[in-house]
Amino acid sequence: MAVLSSKSSTGLLEPANNQAGGHEFLSHRVSKKNDTIVQVGNSPIGSYDVQVAAGPCSIDFEGLADFAVELKKAGANIIRGGAFKPRTSPYSFLGYGEKGLKDLLEAKEATGIPIVSEIMDSSQLPLFADVDMLQVGSRNAQNFTLLSKLGEIDKPVLLKRGMGNTLNELLGSAEYIMKGGNSSVVLCERGIRTFEDATRFTMDIGAVPVLKRESHLPVCVDPSHAAGQQDLVIPLALAAVAAGANMLLIEVHPDPKSAMSDSSQQLTLDQFKSLMRRIRKLEKAMRH
Ligand code: PEP
Ligand code: MN
């Protein structure tokens, strides 16, 4: 049985202070040679086509189901939408909670494709019973109590990288989920804090090939939160596909300017349509 601390192919992911403690890392490529495909409803993540989750940062408008139908027509495979929002200030809009999830479930019903939403605390689990994929946000990436609880359930988890976490720490977080028996984990690069302030976060494109090499888990990239600006989302998304991402998470809003969170980075439907056309073309070109 493999031990990450002694078998990492690069040494890069060798844990400091003997973090692995002699235990096998379930997320590591050495533990499982073949790529894992995480099935989210009818969407296979880690398979050939890049799976695209699209939708608003927060569900803050009426008519999400109709909008979701448009997103699906444009090529989205999964619908995203935030109901519980982790905001820097407690006085900011914190999401519509249960009402938001109800709208998201209607979108699932209307489109027949799966949905993903952020869970902030395990006490919310009953509310997420019909949500296909649970997102752990950057701010909860090392909430080990939450991660352990998600290890006990049978539902895919979209695990974001903490904005101040190394890739080794991200894999450690994945391990908390997998240790409990839930191996349906998708790792998500969403940008990290660096000295650069021209973008909201620095999208670590190198994370994609490193994670693909070191882990068998599928890799998602969220260019929206890394960019923080609408015009940067499309080039960053295409770069992620070119680097080998298995999934993208893209914020799209019917009227970005009126959005109650992350208004500057959400794409319009037309921009999303253009992105989807370019993604599918790029994928095709990469297959040759
Ligand atoms: C989100 O997806 O809306 C979100 C809050 O993302 P992150 O946790 O990456 O900031
Ligand atoms: Mn957001």
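If you're wondering where the values come from, they're calculated on a predicted model, not measured in any experiment.

### Some thoughts on the packing of helix α2 (residues 64-74) against helix α9 (residues 269-287)
Any two packed helices are characterised by the angle at which their axes cross and by the distance between the axes. At a minimum axis separation of 9 Å, α2 and α9 run at an interaxial angle of 25°. The angle between α2 and α9 falls in the class roughly parallel. Between α2 and α9 the crossing geometry is right-handed. Contacts between α2 and α9 involve Phe67, Glu70, Leu71 and Ala74 from the first element and Leu269, Phe272, Lys273 and Met276 from the second. Counted by class, the contact of α2 with α9 contains six nonpolar, no polar and two charged residues.

### Quick notes on the pattern of salt bridges
Taken as a whole and assessed by the stated rule, the structure comprises 14 salt bridges. Notably, a salt bridge pairs Asp49 with Arg287, separated by 3.5 Å at the nearest N-O pair. Placement of the pair is Asp49 in the loop between β2 (43-45) and β3 (51-55) and Arg287 in helix α9, with a sequence separation of 238 residues. Close ionic contact of Glu106 with Lys102 constitutes a salt bridge, the shortest N to O distance being 3.7 Å. With Glu106 and Lys102 both in helix α3 (residues 98-111), this residue pair falls four residues apart, about one helical turn.

### Description of the packing of helix α8 (residues 230-243) against α9
For the pair α8 and α9, interaxial distance at closest approach is 10 Å and the crossing angle is 20°. With respect to α9, the element α8 is oriented roughly parallel. Read as a crossing pair, α8 and α9 show a hand that is right-handed. Two secondary-structure elements touch here, α8 through Gln230, Ile234, Ala237, Leu238, Val241 and Ala242 and α9 through Gln271, Ser274, Leu275, Arg278, Ile279, Leu282, Glu283 and Met286. A class-by-class count of the residues in the contact of α8 with α9 yields nine nonpolar, three polar and two charged.

### Points about the pairing of strand β8 (residues 185-189)
Burial within β8 is extensive, with five of its five residues counted as buried. Where strand β7 (residues 157-160) and β8 come together, four bridges link them in parallel fashion. Bridged to Leu159 within β8 is Leu187. As a crossover connection, the stretch from β7 through helix α5 (residues 167-179) into β8 is right-handed. Here three bridges tie β8 to strand β9 (residues 219-221), and the two strands are oriented parallel to one another. Bridge pairing links Cys188 to Cys220 in β9.

### Thoughts on the coordination of the manganese ion (ligand 2)
The protein atoms donating to the manganese ion (ligand 2) are Cys57 (SG), His225 (NE2), Glu251 (OE) and Asp262 (OD), with metal-donor distances spanning 2.0 to 2.4 Å. Considered as a linear motif, the donors of the manganese ion (ligand 2) on their single chain read C-x167-H-x25-E-x10-D. Of the two residues, Cys57 is situated in the loop between β3 and α2 and Asp262 in the loop between β10 (247-251) and α9; the sequence distance between them amounts to 205 residues. Each member of the pair, Cys57 as well as Asp262, is classed as buried.

### Some remarks on the nonpolar core
The nonpolar side chains of a soluble globular protein tend to be buried with one another. Ranked by size, the top nonpolar core spans 64 residues in total, and within it Leu71, Leu159, Leu187, Leu248, Ile250, Phe272 and Leu275 carry the most contacts. When sequence neighbours within four positions are dropped, the list of residues in contact with Leu187 reads Leu159, Leu170, Leu171, Ala174, Leu211, Ser215, Leu217, Pro218, Val219 and Cys220. Formed by 13 residues, the second largest nonpolar core is a distinct cluster that contains Val38, Ile78, Leu158 and Cys188.

### Notes on the side chain of Gln135
Here Gln135 lies in strand β6 (residues 133-136). Here Gln135 falls in the buried class, since its relative accessible area comes to 4%. Not counting chain neighbours up to four residues away, the residues in contact with Gln135 comprise Arg80, Val116, Ser117, Glu118, Ile119, Leu158, Lys160 and Leu249.

### Topic: the sheet that holds β9
The strand order around the closed barrel built from eight strands is β3-β4-β5-β6-β7-β8-β9-β10, with neighbouring strands paired in parallel fashion. Here the average twist between neighbouring strands, direction ignored, is 25°. Pairing of strand β4 (residues 78-80) with strand β5 (residues 115-118), which is carried by two bridges, proceeds in the parallel orientation. By the bridge assignment, Ile79 is partnered in β5 with Ile115. This element, helix α6 (residues 207-214), spans β8 and β9 of the sheet and lies at about 165° to β9. Most of the contacts of α9 go to β3, to which it runs at about 175°, and overall it touches β3 and β10.

Rules and cut-offs
Residues numbered from 1 in each chain as written. Chains lettered and ligands numbered in written order. Predicted model: local features only at pLDDT ≥ 70, side-chain atom pairs only at ≥ 80, totals over all residues. Heavy atoms only, no water. Axes fitted to C-alpha atoms, helices over the stretch in contact; angles between N-to-C directions. Helix = DSSP H or I, 4+ residues; strand = E, 2+ residues; numbered from the N terminus. Parallel < 35°, antiparallel > 145°, perpendicular 65-115°, else oblique. Left-handed = near helix turned anticlockwise from the far one by under 90°. Contact = heavy atoms within 4.5 Å. Nonpolar A, V, L, I, M, F, W, Y, C, P; charged D, E, K, R; others polar. Salt bridge = Lys/Arg side-chain N within 4 Å of Asp/Glu carboxyl O. Buried < 20%, exposed > 50% of the residue type's maximum accessible area, 1.4 Å probe, protein only. Pairing = 2+ DSSP bridges. Right-handed = clockwise from strand over helix to strand, strands pointing away. Donors = N, O, S within 2.8 Å, 3.2 Å for Na, K, Ca; no water. Core = buried A, V, L, I, M, F, W, Y, C linked by side-chain atoms within 4.5 Å.

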